[in-house]
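As a plain string of letters, each chain reads:
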Amino acid sequence: MGTRTAGGTRRTAPAMMSASSALNVARRRAELARSAEEKVDVLVVGGGITGAGVALDAASRGLRVALIEAEDLAFGTSRFSSKLVHGGLRYLATGDFETAKESALERHLLLTTIAPHLIHPLGQLLPFASGISLRQRVAGAVGMGMGDLLRMRARTPRAALSAPSFVSARSATRLVPALDPRGLRGGMLSYDGQLVDDARLVTTVARTAAALGARILTRVRAVALRGDGASVEETTTGERFEIRAHAVINATGVWAGGLDQTIRVRPSRGTHIVLDAADLGNPTAALTIPHEGSISRYIFALPQAHGRMIVGLTDEDAPGPVPQVAEPTEREIEFLLSSLNRVVATSIRRDQVHGAFAGLRPLVDSGSGTTADVSRKHLVTTADDGFITVLGGKLTTYRRMAEDAVDVAVRTRALPASPSRTSSLRLVDRVVAGSDEVIDASTGLTHTEVDFAVRVEGALTVEDVLDRRTRIGLVAADRERCRPIIAPIVAHTLADLG
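Residues numbered from 1 in each chain as written. Predicted model: local features only at pLDDT ≥ 70, side-chain atom pairs only at ≥ 80, totals over all residues. Heavy atoms only, no water.

S.K.: An account of the overall build of the chain is requested, with residue identities and associated values reported.
M.R.: In terms of regular secondary structure, the chain is built from 12 helices and 22 strands. Computed over the C-alpha atoms, the radius of gyration of the chain is 22 Å, within 12% of the 23 Å expected from 2.2 N^0.38 for a compact globule of 498 residues. Projected onto the principal axes, the alpha-carbon positions of the chain cover approximately 70 × 50 × 45 Å. Going through the 498 residues of the chain one by one, you find that 59% of them count as buried. Considering only contacts within the chain whose residues lie at least 6 apart along the sequence, 73% involve residues at least 24 apart. (Helix = DSSP H or I, 4+ residues; strand = E, 2+ residues; numbered from the N terminus. Rg over C-alpha atoms; globule rule 2.2 N^0.38 Å. Buried < 20%, exposed > 50% of the residue type's maximum accessible area, 1.4 Å probe, protein only. Contact = heavy atoms within 4.5 Å.)

S.K.: Explain the packing of helix H10 (residues 447-455) against helix H12 (residues 476-497) residue by residue, including any values.
M.R.: Geometrically, a packed helix pair is captured by the angle between its two axes and the distance between the axes. Their axes nearest at 9 Å, the elements H10 and H12 cross at an angle of 45 degrees. With respect to each other, H10 and H12 are oriented oblique. Pair H10 / H12 crosses with right-handed handedness. Along the contact surface, H10 presents His 447, Val 450, Asp 451, Val 454 and Arg 455, while H12 presents Ile 486, Ile 489, Val 490, Thr 493, Leu 494, Asp 496 and Leu 497. (Axes fitted to C-alpha atoms, helices over the stretch in contact; angles between N-to-C directions. Parallel < 35°, antiparallel > 145°, perpendicular 65-115°, else oblique. Left-handed = near helix turned anticlockwise from the far one by under 90°.)

S.K.: Describe the packing of helix H2 (residues 49-60) against helix H9 (residues 398-412), listing the residues and the values that go with them.
M.R.: Following both chains from N to C, one finds H2 and H9 inclined at 55 degrees, their axes separated by 8 Å at the closest point. Between H2 and H9, the angle falls in the class oblique. Between H2 and H9 the crossing geometry is right-handed. In this structure, H2 contributes Ile 49, Thr 50, Gly 53, Val 54, Asp 57 and Ala 58 to the contact, and H9 contributes Tyr 398, Met 401, Ala 402, Glu 403, Ala 405 and Val 406.

S.K.: Run through H2, naming residues and quoting values.
M.R.: Relative to the 16 Å expected for 12 residues at 1.5 Å per residue, H2 spans 16 Å between its end C-alpha atoms, a close match to the ideal helical length. Most of H2 is tucked away: 12 of the 12 residues are buried. For H2, the secondary structure elements touched by its buried residues are strand S3 (40-45), strand S4 (65-69), helix H7 (198-211), strand S12 (239-250), strand S20 (388-392) and H9. The first or second residue beyond H2 is Gly 62, which carries a positive phi of 90 degrees. (Expected span 1.5 Å × (residues − 1).)

S.K.: Explain the environment of Val 202 residue by residue, including any values.
M.R.: Within the secondary structure, Val 202 is located in helix H7. Remark: the alpha-carbon pair of Val 202 and Arg 468, spanning 266 residues in sequence, is separated by 9.6 Å. In contact with Val 202, not counting residues within four places along its chain, are Gly 47, Gly 48, Ile 49, Ala 52, Leu 73, Ala 74 and Ser 78.

S.K.: With reference to specific residues and values, describe the layout of surface pockets.
M.R.: Approximately 460 Å³ is the volume found for the second largest pocket. In terms of residue class, the lining of the second largest pocket is made up of eight nonpolar, seven polar and six charged. (1 Å grid on protein atoms, 1.4 Å probe; cavity = no way out; pocket = protein on both sides within 12 Å on 5 of 7 lines; lining within 4 Å. Points joined across faces, edges and corners; volume = space filled by probe spheres on them. Nonpolar A, V, L, I, M, F, W, Y, C, P; charged D, E, K, R; others polar.)

S.K.: Quick one: what's the story with the environment of Gln 124, residue by residue and with numbers?
M.R.: Turning to its location among the elements, Gln 124 is positioned in strand S6 (residues 119-127). Taking the C-alpha atoms as reference points, Gln 124 and Asp 197, separated by 73 residues in sequence, lie 18 Å from one another. Those residues within four positions of Gln 124 in sequence are excluded, and the remaining contacts are Leu 84, Met 144, Met 188, Leu 189, Ser 190, Asp 192, Ala 286, Thr 288, Phe 300 and Leu 302.

S.K.: I'd like a description of the nonpolar core, backed by residues and values.
M.R.: As a rule of thumb, soluble globular proteins bury nonpolar side chains together. By size, the foremost hydrophobic cluster in this structure holds 53 residues, and its most contacted members are Val 65, Leu 201, Ile 216, Ile 249 and Leu 427. Looking at this core, the elements that each hand over two or more residues are S3, H2, S4, helix H4 (97-114), H7, S12, S20 and H9. Considering every element that reaches this core, the biggest residue donor is H9, with eight residues. Residues within four places of Leu 427 in sequence aside, it is in contact with Leu 56, Ile 114, Ala 115, His 117, Leu 118, Leu 201, Thr 204, Val 205, Thr 208 and Tyr 398. With 30 residues, the next largest nonpolar core counts Ile 132, Leu 175, Ala 277 and Leu 340 among its residues. (Core = buried A, V, L, I, M, F, W, Y, C linked by side-chain atoms within 4.5 Å.)

S.K.: So what's going on with the packing of aromatic side chains? Residues and values would help.
M.R.: Applying the stated criterion to the full structure yields three aromatic pairs. Look at Phe 128 and Phe 166: their rings are 6.3 Å apart centre to centre, the planes differ by 55 degrees, and that puts the pair in the tilted class. Of this pair, Phe 128 sits in the loop between S6 and helix H5 (134-153) while Phe 166 sits in strand S7 (residues 165-167); the two residues are 38 residues apart in sequence, bridging distant segments of the chain. Arg 79 extends its terminal NZ or CZ atom over the ring of Phe 75, reaching a point 5.0 Å from the ring centre. (Phe/Tyr/Trp six-rings, centres within 6.5 Å; stacked < 30°, edge-to-face > 60°. Lys NZ or Arg CZ within 6 Å of the ring centre and 35° of its normal.)

S.K.: Break down the side chain of Arg 200 for me, with residues and values.
M.R.: Of note, Arg 200 is situated in helix H7. For Arg 200, the contacting residues outside a window of four places in its chain are Leu 118, Arg 430, Glu 449 and Arg 469.

S.K.: Explain empty space enclosed by the protein to me, using residue names and the numbers behind them.
M.R.: Tallied over the entire structure, the rule returns two cavities of 30 Å³ or more. Its volume calculated, the largest cavity comes out at about 90 Å³. Every residue along the wall of the largest cavity is listed here: Leu 23, Asn 24, Arg 27, Arg 28, Glu 31, Leu 73, Ile 216, Thr 218, Gly 458 and Leu 460. Among the elements that make up the lining of the largest cavity, the one with the highest residue count is helix H1 (residues 25-35) (three residues). Tallied by class, residues from the lining of the largest cavity come to four nonpolar, three polar and three charged. The space that makes up the second largest cavity amounts to roughly 60 Å³. In terms of lining, the second largest cavity is formed by Gly 76, Thr 77, Phe 80, Val 254, Trp 255, Pro 323, Gln 324, Val 325, Ala 326, Ala 358, Gly 359 and Leu 360. Partitioning the lining of the second largest cavity into residue classes produces eight nonpolar, four polar and no charged.

S.K.: Can you explain H4? Please cite residues and give values.
M.R.: For H4, with 18 residues, the first-to-last C-alpha span of 24 Å sits near the 26 Å given by 1.5 Å per residue. Three or more residues of H4 are buried, namely Thr 99, Ala 100, Ser 103, Ala 104, Glu 106, Arg 107, His 108, Leu 109, Leu 110, Leu 111 and Ile 114.

S.K.: Outline a nonpolar patch on the surface, listing residues and values.
M.R.: A grouping of Phe 97, Leu 134, Val 138, Val 142 and Met 146 is seen on the molecular surface, where their side chains present a nonpolar patch of about 450 Å² in accessible area. Considering each element in turn, the nonpolar patch owes the most residues, four residues, to H5. When you line up the elements, Leu 134 lands in helix H5. Residue class for Leu 134 comes out exposed when judged on its relative accessible area of 65%. (Patch = residues over 30% accessible without salt bridge, like charges linked within 9 Å, V, L, I, M, F, W, Y side chains within 5 Å. Areas by Shrake-Rupley, 256 points an atom, 1.4 Å probe, with all protein chains shown as cover. Salt bridge = Lys/Arg side-chain N within 4 Å of Asp/Glu carboxyl O.)

Written as structure tokens, this is what we have:
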């Protein structure tokens, strides 16, 4: 099936990647000029994982697509997740089996077909420690067993995710050396998917969309949306212009309510802290720690690259104006530390926290008492002005959210498009070719990696590289040390691109 072009003709849906996946300042300049002149089939607003997923889904159906983002790719919530592609243990515990089944299926697709190069299995240990009640141990073990049934239902092979199993106290402390051996009765070990990096997933999805012809335009803010386009502003110059489209999809997350007055967004703040892995004995598995008295809410201590651990996350109401970047509170940091310290032999002190970050979940307001009780199901709705809004969900299920949103656009706007094919479409690879000249020993950052971020991954500023291509910015000391090293490389590559 073909798709309509700006002139009303049709073009054949692409059978394979037909354009370069490289995103950079030169491509952006050319496509920005075209977007002011040519009508697209689908205009996507928002450059997080949902918006990038929508752009990819629409482009893979043969539609002409433009995506606009007011800041940078993965600027908002999508870079502040726990970096897990998970099957929904928490949703099983709360009885939300549909969301858990959807999560398990999407995890299967990501692990086996879509992004096996960006995800690896991660062991997660629920310790049977003195601070974990018998009820919590039983609930956790049952939940992990049910999660494995969902793994089997999704047909995820054991080679991708091993079966859950009981482990001895000795094995538990081998996996997580910092565990307090006093009163430790072993634990339950299960497996889930861990992303190399959540922001990298967003960038890779956007690059894959670009390889199918989608225009990915950062630093372009939507001022007003309509069913047939948007008034936008190029934020680096202040220039305003119109983008015309047959369908418009609002995928701006916690900012969606500012563009669509018919929906109610209830932001929930999720905070993580960053530790040195050495302070926990360099664990080879994650820790899963139930909240005190709860069988449905957990804290995770997750190993990361370059000797880091992240511990999170909270689930706090965040009413009021939506900040550009959410800030963790001291109360949340202390809560995460106290939760971790319930099961380790030597307490982690506040001065051992090297960084902290927070993201805002874009939950659909259902009137529930707390944000922890709000469903993680996504919503696709059409505004009075004719544009479509997709909201809610979570990182693991971004592909399904995108498919549902584009299905609505195709149906309501009579777009001549083929069915979604993203369930079998592998994301582009990230091949950073060149010398391995290390420019920062602590993080392992190389000159080539910085150049690649600007030349291929769409970074336009030093902040883009620090915060959303390398994640160095998660630790303030690393950020300040690396900024003067990165800045001249970014400037040189931008100049080379013209």
